[in-house]
Each structure stands twice: as C-alpha cells, then as structure tokens.
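Take a look at the letters that make up each chain.
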Amino acid sequence: MNILKDNITGEVHRTGRIEVVCGSMFSGKTEELIRRMRRAQFAKQRVEIFKPAIDVRYSEEDVVSHDQKHIQSTPIDSSASILLLASDIEVVGIDEAQFFDEGIVDVCNQLAYRGVRVIVAGLDMDFRGVPFGPMPALCAIADEVTKVHAICVKCGALAYVSHRKVSSDRRVLLGETQEYEPLCRDCYQQCQEESSKSLT
C-alpha cells in the first residue's frame, strides 16, 4: 500500500532534475535526446527543445540526429533566453550544450529547482580531447549522466574522442563525417603521433 501511495505521489508531484547525455560525435546523443523528448510528448507533457542558433547543419530550426531523426526546436543565441521561453514547460531539452555560454549551468539549475525535467545533450570533449565548454560543470550538477559511445572507425572499439580530419585549429568547427571521425584512445594517439611526425 505504501508503494502505491509513493508511486501516486511521485506522479502527482514531479521533482525537477537534470539529465545529461554526453559522448563523442556519432555516438547517438541527439538521438537519445529526441527519444526522451518524444516519450514526454507522448505522455502529453509540455515540452520545449532548444539548440544553438549557430548549428544549422541539417536544419535551421529542427534538432536533427545524424540518422535524420528530427524534432522541432527553438534556436537561441544565449542560455538566458531559455528561462524567458520556458515558462509553463514541464520538460526542457537542450541540444549541443557545449556551444552555449557558461550561464547554461545556472539556467539548468534554476529550471530543475522550479520542478522542470531538463535533458541536456552535448559533446563532452573537443577534437583535442579537452573537456568542452560548460559540459564538465553540467555533468557535475546532473542528477543522472549517460555517456554514450560511437564505434572507432579504425579498429571497432568504443570511441573515445571526435578526431578532426581537416586542418583547422578553431575549437568550434561544425561538421560531419568529412570533417570528423570517432576514434578509440589508442587509434587517436596513433593519429596524433603520425600528425606530429609529418610536421617534423
């Protein structure tokens, strides 16, 4: 009886939470974000999805995964816009969180304390293997972190990082399979060593 009562209470009073889905490129982060948001929509919850306005690879407005799954979203230039646009929303999705300013961390916390379920997807590391933007802080404050993995294109092991195949030192370089490939730690290290040798 107590279990039933707890379940009923849990459904009536949903507490806010932050869920982070992270990993390399081609690991299914956005696909998982879309899956969770679709489930919330099916449950007739009020949802809103945000993405950085700079990400126009597949669509200017929709969030689109590499396998072409898509869901309507609101492109924004700064994390502060989320608080203005997310009133009366029960579930907030945020894609490509690594491209947002550091204020995204406080925004997610504020939403969670309001009782909102926040689902964040983003790259945990950049092409150099360095933690990317606000993602480490988001992982730290999250109630739940799911790390998803692509498959290394060279050996088939679990991928560790998104290796950049083109010559550019810009940290933010939007791209797909022509610009990036998922590599495991060993294959990534081999590529780095080969690159260093070619420069000497």
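Heads up: these notes are all about the structure in this document. Note that the structure is predicted; figures quoted are calculated from it, not measured.

## What about the nonpolar core?
The tendency in soluble globular proteins is for nonpolar side chains to be buried as a group.
Part 1: Ile 82, Val 92, Ile 94, Leu 111 and Leu 138 are the most contacted members of the largest nonpolar core, which totals 25 residues.
Part 2: When residues of this core are assigned to their parent elements, the largest contribution, six residues, is made by helix α4 (residues 103–113).
Part 3: Counting 10 residues, the second-largest nonpolar core is a separate cluster that includes Leu 33, Ile 34, Ile 71 and Val 91.

## Digging into helix α2 (residues 29–42)
Part 1: With 14 residues, α2 should cover 20 Å at 1.5 Å per step; its first-to-last C-alpha distance of 20 Å lies within 8% of that length.
Part 2: All of the buried residues along α2 are Lys 29, Thr 30, Glu 32, Leu 33, Ile 34, Arg 36, Met 37 and Ala 40.
Part 3: Downstream of α2 by a residue or two, Lys 44 has a phi angle that is positive, lying close to 60°.

## Quick look at the packing of aromatic side chains
Part 1: Overall, the coordinates contain one aromatic pair when judged by the stated rule.
Part 2: We note Arg 164 situated over the ring of Phe 127; from NZ or CZ to the ring centre the distance is 3.7 Å.

## Some points on the side chain of His 163
Part 1: Turning to its location among the elements, His 163 is positioned in strand β9 (residues 161–164).
Part 2: For His 163, a relative accessible area of 13% gives the class buried.

## Description of the sheet that holds strand β6 (residues 91–94)
Part 1: Strand order in the open sheet formed by six strands is β5-β2-β6-β7-β1-β8, and the pairing between neighbours is parallel. The open sheet terminates on both sides in strands that have one partner only, identified here as β5 (74–76) and β8 (144–148). Taken over all neighbouring pairs, the strand axes of this sheet differ in orientation by 20° on average, direction set aside.
Part 2: With seven bridges connecting them, strand β1 (residues 17–23) and strand β7 (residues 117–123) associate as parallel partners. Within the sheet, the bridge partner assigned to Cys 22 lies in β7 and is Gly 122.
Part 3: Packing against the sheet, α2 makes contact with β1, β2 (47–52), β6, β7 and β8, and its axis sits at approximately 165° to β7.

Basis of the calculations
Residues numbered from 1 in each chain as written. Predicted model: local features only at pLDDT ≥ 70, side-chain atom pairs only at ≥ 80, totals over all residues. Heavy atoms only, no water. Core = buried A, V, L, I, M, F, W, Y, C linked by side-chain atoms within 4.5 Å. Buried < 20%, exposed > 50% of the residue type's maximum accessible area, 1.4 Å probe, protein only. Helix = DSSP H or I, 4+ residues; strand = E, 2+ residues; numbered from the N terminus. Expected span 1.5 Å × (residues − 1). Phe/Tyr/Trp six-rings, centres within 6.5 Å; stacked < 30°, edge-to-face > 60°. Lys NZ or Arg CZ within 6 Å of the ring centre and 35° of its normal. Pairing = 2+ DSSP bridges. Axes fitted to C-alpha atoms, helices over the stretch in contact; angles between N-to-C directions. Contact = heavy atoms within 4.5 Å.

The values reported here are purely geometric and, on their own, carry no functional implication.
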